[in-house]
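# Fold and geometry: a report
What follows is each chain in one-letter form.
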Amino acid sequence: MLREFDPWATSDIKDYDKLVDEFGISRLSDDLAKKLNDNKYVRRGLIIGHRELDLYLNHAESGKKISVISGIKPTGIFHLGSMITAEQMVYFQKKFFNSALYYSIADLEAYMDNGQDLVTSKKLAIENVADMLVMGMDPKRSVVYMQSSALLVSDLAFIFSDDVTVNMLQDIYGERRFSLYLSALVQSGDIFLPQTKNFGGPNPVLVPVGADQDPHIRLSRDLAFKHRNDFAFFPPSSIYHKLIRSLSGDEKMSKRNPDSMITLADSKADLKRKIMAAFTGGRITIEEQRRLGGEPDKCPVFDLYLYFDDDDKEISKVRSECLAGQRLCGECKQQVLEMVNLNIEEHQSKKIKMLDLADDMIQKGNELVKNNNL
Ligand code: SF4
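Residues numbered from 1 in each chain as written. Predicted model: local features only at pLDDT ≥ 70, side-chain atom pairs only at ≥ 80, totals over all residues. Heavy atoms only, no water.

## Section: the packing of aromatic side chains
What characterises a pair of aromatic rings is the spacing of the ring centres plus the angle enclosed by the ring planes. For the structure on display, the rule yields 10 aromatic pairs. Considering the side-chain rings of Tyr 56 and Phe 96, the 6.1 Å spacing of their centres and the 80° angle between planes classify their relative orientation as edge-to-face. Of the two residues, Tyr 56 sits in helix H4 (residues 53–61) while Phe 96 sits in the loop between helix H5 (80–95) and strand S3 (99–105), which places them 40 residues apart along the sequence. Phe 96 shares its class with Tyr 56; the two are buried. For the ring pair Tyr 91 and Phe 92, a centre distance of 4.8 Å and an interplane angle of 80° mean the geometry is edge-to-face. With a relative accessible area of 13%, Tyr 91 lands in the buried category. Residue class for Phe 92 comes out buried when judged on its relative accessible area of 0%. Among the aromatic residues, ring-to-ring pairing joins Tyr 56, Tyr 91, Phe 92 and Phe 96 into one connected group. (Phe/Tyr/Trp six-rings, centres within 6.5 Å; stacked < 30°, edge-to-face > 60°. Helix = DSSP H or I, 4+ residues; strand = E, 2+ residues; numbered from the N terminus. Buried < 20%, exposed > 50% of the residue type's maximum accessible area, 1.4 Å probe, protein only.)

## Structural notes on the environment of Ile 72
With respect to the helices and strands, the residue Ile 72 is situated in strand S2 (residues 66–72). Looking at Ile 72, the relative accessible area reads 10%, which means it is buried. It is 8.7 Å that separates the C-alpha atoms of Ile 72 and Asn 128, two residues lying 56 residues apart in sequence.

## Description of the pairing of S2
S2 sits mainly inside the fold: 6 of its 7 residues count as buried. Here S2 runs beside S3; their pairing, made up of 7 bridges, is parallel. What sits directly across from Ile 69, in S3, is Tyr 102. You can see the chain leave S2, run along H5 and come back into S3, and the turn it takes is right-handed. By the bridge criterion, 2 bridges tie S2 to strand S5 (residues 205–210) in an arrangement that is parallel. (Pairing = 2+ DSSP bridges. Right-handed = clockwise from strand over helix to strand, strands pointing away.)

## Observations regarding the pattern of salt bridges
Within this structure, the stated rule accounts for 32 salt bridges. A salt bridge links Asp 214 to Arg 51; its shortest N-O distance comes to 2.8 Å. Note that Asp 214 is positioned in helix H11 (residues 214–226) and Arg 51 in strand S1 (residues 47–51), a separation of 163 residues in sequence. (Salt bridge = Lys/Arg side-chain N within 4 Å of Asp/Glu carboxyl O.)

## Structural notes on empty space enclosed by the protein
Counted under the stated rule, the structure contains 1 cavity of 30 Å³ or more. Computed from the structure, the largest cavity encloses a volume of approximately 130 Å³. Contributing to the lining of the largest cavity are 18 residues, with Cys 299, Phe 302, Cys 322, Cys 329 and Cys 332 lying nearest its centre. Contributions of two or more residues to the lining of the largest cavity are made by helix H14 (300–308), helix H15 (312–323) and helix H16 (329–351). Across the lining of the largest cavity, the residue classes break down as 10 nonpolar, 5 polar and 3 charged. (1 Å grid on protein atoms, 1.4 Å probe; cavity = no way out; pocket = protein on both sides within 12 Å on 5 of 7 lines; lining within 4 Å. Points joined across faces, edges and corners; volume = space filled by probe spheres on them. Nonpolar A, V, L, I, M, F, W, Y, C, P; charged D, E, K, R; others polar.)

Now the structure itself:
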């Protein structure tokens, strides 16, 4: 198994083209990119590919029922990496009136993998869901639930396990603790939840995820095929975004290294400390920077523009000034700090008003996934 496609590790993907080719991921065609031109990640080349996105979009455009699904291990406040997945989910829900949104909070995985108790997971889940509400998630068309409450999801995992051998899981994930294999099956249960009779399925689902999560999609697509006579589930469609680099420049932004990631709860002092210490694509001396220009494509500070700034023109201005040596890293960091500060401050003030609604949504979601009507 390629190290790059390890969904549980801190991945450092250097060659997305190689990954796309090796695992048979489809590139975004011009036609699909045009349909999603209002998505900033598509416009900025941050989407590396998809699996059967057209199936989801065809149903979406014909007004038939569709769903978007993803989840999170609730071990902290949203950082930029988790924010991207959440933003993508909200984008697809907003774009299509017929798209429901399902969000699984993997509290059991957090218990198993991080030793975090379920009460702490619930508190963090409320924070995460409130973040999504600020981003524009429609509570009326969304089901949010804790994995520990979802009998329906664990029943699906149990049924799927009948068709899965250790060899098959090793092929996809490599040799792992059995708990991780089990958690992969439970994630498949999450992915198929919107397609069960309880939720009016089957219907196409889209899973927006970071590129390192493709093994879960491949497993789920395989399971849909194996169980086509029992459930007639559609194989899940997926859309993959690039992983955001940590501020140290060399790995995916991860909760395991708090000072190299931006979170939506960071104070002004935190942001200043982190951004001012960030690695850049700048040269060693000012003279060299003026002469050779900087390297924005290697620069985590430039990434902050790409992921945070809504203004495409400003981003291309920063890029061309950097390449031409007209911009120095100190002033660039100062500018990005102001932009990020503004965004996060606004987000935090809106979020306070969303916490009760988030709690309420989780309680309602837990009730909906308790019963099994397979
Ligand atoms: Fe990065 Fe800005 Fe320096 Fe260019 S000028 S390398 S974008 S920090």
